[in-house]
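What follows is the residue order along each chain.
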Amino acid sequence: MLKVSNLECVRGERSLFKDVNFSLEAGELLQVNGPNGSGKTSLLRMLCGLARPAHGEIRWLGDNIRSLDEDYYNSITYLGHLNGVKDNLNAIENLRISSALAGNGIDESTAYASLQKMGLIGREILPVKVLSQGQRRRVTLARLLVSDTVLWILDEPLVALDTSAVLLVKGILEQHLEKGGMVVMTTHQDINIAAIETKRLQLN
Amino acid sequence: MAINWFKYSSPASFYSLAGKLIPIFSIVALILFVVGLYISFFVAPTDFQQSEAYRIIFIHVPAAWMSMFLYLIMAGWAAIGLAFNTRLSSMIATAIAPTGAMFTFLALWTGALWGKPMWGAWWVWDARLTSELILFFLYIGFMALQAAIDDPRRADKAGAVLALVGVVNIPIIYFSVKWWNTLHQGATVSLTESPKMASIMLTGMLIMSIACWMYSIAMVLIRTRTIILERERHTVWVSELHKETT
Amino acid sequence: MFLWVIQRDLLLAMRQRSDVLTTLFFFIIVVSLFPLGVGPEINMLRSMAPGVVWVAALLASMLSLERMFSSDYLDGTLEQMMLSPQPLILLVLGKALAHWMVTGVPLVLISPILGFQFDLQTDALLVLAVSLLLGTPVLSLIGAIGAALTLGLRGGGVLVSLLVLPLYIPVLIFGAGAVEAVSAGLGASAHLSLLGAFLLLSLVLAPWATAAALRISIE
């Protein structure tokens, strides 16, 4: 479904990576590994169409994502290393707004239920700025619970999470893969997510 | 004659082509400037209304023309660069901006010099002068934006969007200023509409205009070459060039 | 969706009321400084009033432009907006309108009171408010282009003024001109319809340019 061929990324005058090829089918997981500065984030940003590759192309269901634009955005969820939550809004507002932005509006009780699953009960009406890093990350990740997209592109989703939250996310990802979803993620943590096939991509 | 124009759209071949063209345009510009200035200051008759001071229009008018043409040309190249993702076109647009700003400044400066004997003030809020001033701001904005962006590709594209927004706005600004001007002062002195221009004056002005064109082309080529070298300094052909020259 | 963006930005503005008030007080202070600078002669003040109020409105609107995208850019929300299945043009339009509601509308509402400081007549006060009502959305729409182009740049705030102020000139001319025309006993309808035309034009073109600029800046 997702097919990447001969991708090259140039930052300034340096080529970060080139000739990256892979494809991803339903139920498959791609883990992107590599040291800091090897272009993991750049690769993920290219996959979701935020950045333009210097060479090569990314195809979704056979079409170049450049030509798909908004149709493609209906099929992906991207969580970057920035949380994308507003400090002055509370968790429920944040979740509802980010879901609405993703074209998938939810009502307050759904938002409440997802936050509950993420272990944020009692915190849902506080402005996000008083929450800890890990709790903010949970607010962000709650989006995955209500998302109906096929391809998830996650940049270091496990950063700042404690052990119980890591297990929680692992469960969410496995459930998504089981239903035929796809996940592309970067992580420095050693976790084993069950998938039909786990692919690994090493960037240097 | 089949010339492969696309060959010159690569920075490397454009670099060498420009290198050959620069002396030609520079020499032609120099000759035309000498001839044009000679006609302007010694051959053209003294104007019976404006005496000798009018001679500044031989510089002022071509400079004002160039300032406007160059903005359009700059926006054109920038748009091509944006639409077709051609690096060279964007580099040319960047190279045009300083020359355009220089001519705009020259037009303002000579306008002020002319204004003093004509109207008794260095600056009058004449519609043309005001529009020229705004054009100057637009050039400065374009250059400031490009200078503030470190990534050259982003600088090219952002500059292109700004230049295009400017092009859409220039007619609106121009007519607004014109209307504003007619509302606020009844009798305006027009800079270019002198009643009858002797043909020798026209010739002088034409030669000066062509000289300005040649000068602009030469300057833009020189600046484009510099930009090419700066941006492509890590490529093989530039390092070979460097070896040849040292 | 479009409404979501407006609603969200208004909600954020409500949580951060001081930002809104700062812009408003900046406007009031700038307008109040002019009589102190040029003297209290009432006839001169009356003839200066439209220009003074309009220039202050330009500056106030410009002052808050930088915030339009930068906080969303810094916390990652802007990336999420770019990845929304909704057309980016609509989102941009929503943000520009929210910016106008937060910065433009208060200026429109306060302007008649400032007009009193300059002894404007009732009809002139009315036209001043109407001209601001038509003109300030144009400022937000054009300003959005500048804000998008300078996103994340050092010195973005100063740079945005350099890019945007020249483009504001037609709005200034016809906005202030409308009030002057009324004070001079001529009708203001021509000026106001031109302001309306600028508004329509910028509604169509500015979001498009802003969206293009955002794509460039975020890449």
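The rules we used
Residues numbered from 1 in each chain as written. Chains lettered and ligands numbered in written order. Predicted model: local features only at pLDDT ≥ 70, side-chain atom pairs only at ≥ 80, totals over all residues. Heavy atoms only, no water. Helix = DSSP H or I, 4+ residues; strand = E, 2+ residues; numbered from the N terminus. Rg over C-alpha atoms; globule rule 2.2 N^0.38 Å. Buried < 20%, exposed > 50% of the residue type's maximum accessible area, 1.4 Å probe, protein only. Contact = heavy atoms within 4.5 Å. Lys, Arg positive; Asp, Glu negative; His and termini not counted. Charge placed at Lys NZ, Arg CZ, Asp CG, Glu CD. Areas by Shrake-Rupley, 256 points an atom, 1.4 Å probe, with all protein chains shown as cover. Phe/Tyr/Trp six-rings, centres within 6.5 Å; stacked < 30°, edge-to-face > 60°. Pairing = 2+ DSSP bridges. Axes fitted to C-alpha atoms, helices over the stretch in contact; angles between N-to-C directions. Buried area = accessible area lost by both parts, 1.4 Å probe. Salt bridge = Lys/Arg side-chain N within 4 Å of Asp/Glu carboxyl O. Polar contact = N/O pair within 3.5 Å; in protein donor to acceptor, adjacent residues only side chain to side chain. Nonpolar A, V, L, I, M, F, W, Y, C, P; charged D, E, K, R; others polar. Patch = residues over 30% accessible without salt bridge, like charges linked within 9 Å, V, L, I, M, F, W, Y side chains within 5 Å.

Caption draft 1: Quick peek at the overall build of chain A. Looking only at helices and strands, one finds 7 helices and 9 strands in chain A. Over its C-alpha atoms chain A spans a radius of gyration of 17 Å, differing by no more than 12% from the 17 Å that the globule rule assigns to 204 residues. Along the first, second and third principal axes, the C-alpha set of chain A runs to 50 × 35 × 30 Å. Taken across its 204 residues, chain A has 55% of its residues classed as buried. Long-range contacts, defined as pairs at least 24 residues apart, comprise 69% of the intrachain contacts of chain A with a sequence gap of at least 6. Taken together, the 22 basic and 23 acidic charged side chains of chain A have centroids lying 5 Å from each other.

Caption draft 2: Looking closely at the overall build of chain B. Scanning chain B from N- to C-terminus turns up 7 helices and 0 strands. When the helices and strands of chain B are listed from N to C terminus, the series reads α-α-α-α-α-α-α. Taken over 246 residues, chain B has a buried fraction of 45%. Pairs at least 24 apart in sequence give 78% of the contacts found in chain B among residues at least 6 apart. As displayed, chain B offers around 12,500 Å² of accessible surface, 72% of which is attributable to carbon and sulfur atoms.

Caption draft 3: Quick look at the packing of aromatic side chains. In the structure shown here, the tally under the stated rule is 15 aromatic pairs over all chains. Relative to Tyr215(B), the ring of Phe33(B) has its centre 6.4 Å away and its plane inclined at 70 degrees; by these criteria the two rings are edge-to-face. Of this pair, Phe33(B) sits in helix H1 (residues 11-43) while Tyr215(B) sits in helix H6 (residues 199-231), and the two are 182 residues apart along the sequence. Taking the relative accessible area as the measure of exposure, Phe33(B) reaches 22% and is therefore partly exposed. The class of Tyr215(B) is partly exposed, set by a relative accessible area of 26%. With a centroid separation of 6.0 Å and 90 degrees between ring planes, the pair formed by Phe103(B) and Tyr215(B) is classed as edge-to-face. Here Phe103(B) is found in helix H3 (residues 87-119), whereas its partner Tyr215(B) is found in helix H6, with 112 residues between them in sequence. Aromatic ring contacts, followed pair by pair, group Trp60(A), Tyr72(A) and Tyr73(A) into a single cluster.

Caption draft 4: Examining the sheet that holds strand E9 (residues 197-202) of chain A more closely. Residue and element names in this part refer to chain A. On the basis of which strands lie adjacent, the open sheet formed by 5 strands has the order E6-E7-E8-E3-E9 and parallel pairing. Each edge of the open sheet carries a strand with a single partner, namely strand E6 (76-79) and E9. Between one strand axis and the next, the sheet turns through 15 degrees on average, direction left out of account. Direction of pairing for strand E7 (residues 151-155) relative to strand E8 (residues 182-186): parallel, over a ladder of 5 bridges. By the bridge assignment, Asp155 is partnered in E8 with Thr186. Running at roughly 155 degrees to E7, helix H1 (residues 40-47) makes contact with strand E3 (28-33), E6, E7, E8 and E9 of the sheet. Contacting E6 and E7, helix H6 (residues 133-146) runs over the sheet at an angle of about 170 degrees to E6.

Caption draft 5: Summary view of the interface of chain A and chain C. Counting residues at the interface gives 27 residues for chain A, matched by 29 residues for chain C. Both faces considered, chain A and chain C share a buried interface measuring about 2,500 Å² in area, 58% of it formed by carbon and sulfur atoms. The three residues of chain A that bury the most area against chain C are Leu50(A), Lys86(A) and Leu101(A), which together make up 27% of that side's buried surface. At the surface where chain A touches chain C, the tally comes to 5 salt bridges. Linking chain A with chain C are 12 residue pairs in polar contact (both at pLDDT 80 or more), by the criterion used here. Those elements that place two or more of their residues in the side of chain A that touches chain C are helix H3 (70-73), E6 and helix H4 (91-101) of chain A. Tallied by class, the residues present in the side of chain A that touches chain C amount to 14 nonpolar, 6 polar and 7 charged.

Caption draft 6: Molecular detail of the pattern of salt bridges. Summed over all chains, the structure comprises 21 salt bridges over all chains. Salt-bridge contacts for Asp162(A) lead to Arg138(A); the nearest nitrogen and oxygen are separated by 3.0 Å. Of this pair, Asp162(A) sits in the loop between E7 and helix H7 (163-178) while Arg138(A) is found in helix H6, placing the two residues 24 residues apart along the sequence. Judged by its relative accessible area of 41%, Asp162(A) is partly exposed. Here the salt bridges share partners, and the residues they tie into one network are Lys86(A), Arg8(C), Asp9(C), Asp72(C), Asp75(C) and Lys95(C).

Caption draft 7: Representation of a nonpolar patch on the surface in the model. Together, Val168(B), Leu200(C), Leu201(C), Leu203(C), Val204(C) and Leu205(C) line one region of the surface with nonpolar side chains, adding up to about 520 Å² of accessible area. Broken down by element, the residue count for the nonpolar patch peaks at 5 residues, all from helix H9 (residues 189-218) of chain C. With respect to the helices and strands, Leu200(C) occurs in helix H9.

Caption draft 8: Quick look at the pairing of strand E4 (residues 55-60) of chain A. All names here are of chain A. Here 5 bridges tie strand E1 (residues 2-11) to E4, and the two strands are oriented antiparallel to one another. Its bridge partner being in E4, Val4 is matched across the sheet by Ile58. Relative to strand E5 (residues 63-64), E4 runs antiparallel, the two being bridged by 2 bridges. Paired with Trp60 across the strands is Asp63, a residue of E5. With antiparallel pairing between neighbouring strands as the criterion, E4 and E5 make up a hairpin whose turn holds 2 residues, including Leu61 at a positive phi of roughly 50 degrees.

Caption draft 9: Up close: the interface of chain B and chain C. Contacts between chain B and chain C engage 28 residues on the former and 28 residues on the latter. Across the chain B/chain C interface, buried area totals approximately 2,300 Å², and carbon plus sulfur atoms make up 78% of it. For chain B, the biggest contributors to the area lost against chain C are Arg154(B), Val161(B) and Trp179(B); these three give 25% of the whole. Applying the counting rule to chain B against chain C returns 2 salt bridges. In this structure, Lys157(B) and Glu219(C) form a salt bridge, with 3.5 Å as the shortest nitrogen-oxygen distance. If you look at where chain B meets chain C, you find 5 residue pairs in polar contact (both at pLDDT 80 or more). Elements with a minimum of two residues in the side of chain B that touches chain C: helix H4 (127-148) and helix H5 (152-184) of chain B. The leading source of residues in the side of chain B that touches chain C is H5(B), at 16 residues.

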